[in-house]
Amino acid sequence: MNCSTFRFHFNTFEICTDRNCWSLTLSMHRGITSFMAILVASETSFFTEMDENMKILSRWISIISRYSQIHYTRKFEHLGLGGGQYIFLLFICENAGTNQDHLAEQLTMNKSTVARVVASLEESGFVYRQVDMDDKRAYNLYPTDKGKAVYQDIVDVLDEWNVALTDGLTPQEQEMTESLLIKIMQNAVKFAKQDEEN
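Residues numbered from 1 in each chain as written. Predicted model: local features only at pLDDT ≥ 70, side-chain atom pairs only at ≥ 80, totals over all residues. Heavy atoms only, no water.

Student: Let's hear about the sheet that holds strand E2 (residues 127-132): which residues, and what values?
Tutor: Ordered in space as E1-E3-E2, the 3 strands form an open sheet in which the pairing is antiparallel. At either margin of the open sheet sits one strand with a lone partner, and together these are strand E1 (98-99) and E2. Here 2 bridges tie E1 to strand E3 (residues 135-143), and the two strands are oriented antiparallel to one another. Bridging from a neighbouring strand, Thr-98 pairs with Leu-141 of E3. (Pairing = 2+ DSSP bridges. Helix = DSSP H or I, 4+ residues; strand = E, 2+ residues; numbered from the N terminus.)

This is how it looks when you write it as structure tokens:
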């Protein structure tokens, strides 16, 4: 087992909530790095003995997520992509013909956010829309040649960061990390959905 163990694809690992749970499907797409971005929690300098462990867990997740976003923003800047746009382009490249509703569902983001990001990607020449032949009110999304050209660059950046984060971990530790992160993600999905319904 090596770092490729952490690679998941959108169409093979899907845990979604109804709205606004931050890229849960995508988060496992390129492993531990993207996963951390969905579990950002507020930090606090005050820890009680009783809940110290859980607050520290949230803190580490937040720190990893923050440094991941800094890394992505720096790496994707020369491609003309904003730090948060790459996840949309990645999905569209791997699911050519998807529509905005499906994109919003799979990335568990609200439709207005998806519409805004897709519009910016279209304006920048990375994607284009085409009327759905089965539903004239809907548009299917496709990567342009420009979008396809940067796809592998995006994958390489995510894989490079994943290697960096798992540096020094044994194959067994990597496997255990993956297993525990999936359980944490499932808990986050469940809690967020319950919180939304209350």
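Student: Tell me about the pairing of E3, residues and numbers included.
Tutor: Summarising the sheet, E2 and E3 pair through 6 bridges and their orientation is antiparallel. By the bridge assignment for E3, Asp-132 is matched with Asp-135. Here E2 hands over to E3 after 2 residues, the two strands then running antiparallel side by side.

Student: Outline the nonpolar core, listing residues and values.
Tutor: With 29 residues, the main nonpolar core has Phe-76, Leu-81, Phe-88, Leu-89, Leu-103, Leu-121 and Ile-154 as its most contacted residues. Breaking this core down by element, the ones donating at least two residues are helix H3 (52-76), helix H4 (86-94), helix H5 (100-107), helix H6 (111-123) and helix H7 (145-165). A per-element tally of this core places H4 first, with 8 residues. Residues contacting Leu-81, with those up to four places away along its chain left out, are Phe-76, Leu-89, Leu-121, Phe-126, Val-150 and Ile-154. (Core = buried A, V, L, I, M, F, W, Y, C linked by side-chain atoms within 4.5 Å. Buried < 20%, exposed > 50% of the residue type's maximum accessible area, 1.4 Å probe, protein only. Contact = heavy atoms within 4.5 Å.)

Student: A description of the pattern of salt bridges should follow, citing residues and the corresponding values.
Tutor: Per the stated rule, a full pass over the model turns up 4 salt bridges. Put simply, Lys-111 and Asp-101 hold a salt bridge, and the shortest N to O gap is 3.6 Å. One end of the pair, Lys-111, is in helix H6; the other, Asp-101, is in helix H5, and 10 residues separate them in sequence. For Asp-101, a relative accessible area of 47% translates into the label partly exposed. Taking the shortest distance from any N to any O, the salt bridge between Arg-129 and Glu-122 comes out at 3.2 Å. (Salt bridge = Lys/Arg side-chain N within 4 Å of Asp/Glu carboxyl O.)

Student: So what's going on with H6? Residues and values would help.
Tutor: For H6, spanning 13 residues, the distance from its first C-alpha to its last is 18 Å, which sits close to the expected 18 Å at 1.5 Å a residue. Residues of H6 that are buried make contact with H4, H5, E2 and E3. Once H6 ends, the next one or two residues include Gly-125, with phi positive near 85°. (Expected span 1.5 Å × (residues − 1).)

Student: How would you sum up the packing of aromatic side chains? Please name residues and give values.
Tutor: Inspection of the entire model under this criterion finds 4 aromatic pairs. Ring pairs connect the aromatic residues Tyr-72, Phe-76 and Tyr-86, which therefore count as one cluster. Across from the ring centre of Phe-126, 4.6 Å away, lies the NZ or CZ of Lys-146, which sits over that ring. (Phe/Tyr/Trp six-rings, centres within 6.5 Å; stacked < 30°, edge-to-face > 60°. Lys NZ or Arg CZ within 6 Å of the ring centre and 35° of its normal.)

Student: With reference to specific residues and values, describe the packing of H4 against H5.
Tutor: Orientation of H4 relative to H5, taken along the N-to-C sense of each, is 115°, at an axis distance of 11 Å. H4 and H5 meet at a crossing whose hand is right-handed. Across the interface between the two elements, Ile-87, Phe-88, Phe-91 and Ile-92 from H4 touch His-102, Leu-103, Gln-106 and Leu-107 from H5. Of the residues in the contact of H4 with H5, the class split is 6 nonpolar, 2 polar and no charged. (Axes fitted to C-alpha atoms, helices over the stretch in contact; angles between N-to-C directions. Left-handed = near helix turned anticlockwise from the far one by under 90°. Nonpolar A, V, L, I, M, F, W, Y, C, P; charged D, E, K, R; others polar.)

Student: Which residues make up H7, and what values do they have?
Tutor: For H7, spanning 21 residues, the distance from its first C-alpha to its last is 31 Å, which sits close to the expected 30 Å at 1.5 Å a residue. Along its length, H7 shows its largest kink, about 30°, at Tyr-151. Taken together, the buried positions of H7 are occupied by Gly-147, Val-150, Ile-154, Val-155, Val-157, Leu-158, Asp-159, Trp-161 and Asn-162. (Bend = angle between axes of the 7 residues up to and from the residue.)

Student: Before we move on, can you summarise the packing of H4 against H7 with the specific residues and values?
Tutor: Two elements in contact, H4 and H7, have axes separated by 10 Å at closest approach and are oriented at 115°. Crossing handedness for the pair H4 and H7: left-handed. Together, Tyr-86, Leu-89, Leu-90, Cys-93 and Glu-94 of H4 and Gly-147, Val-150, Tyr-151, Ile-154, Val-155 and Leu-158 of H7 make up the contact between the two elements. Looking at the contact of H4 with H7 residue by residue, the classes come out as 9 nonpolar, 1 polar and 1 charged.

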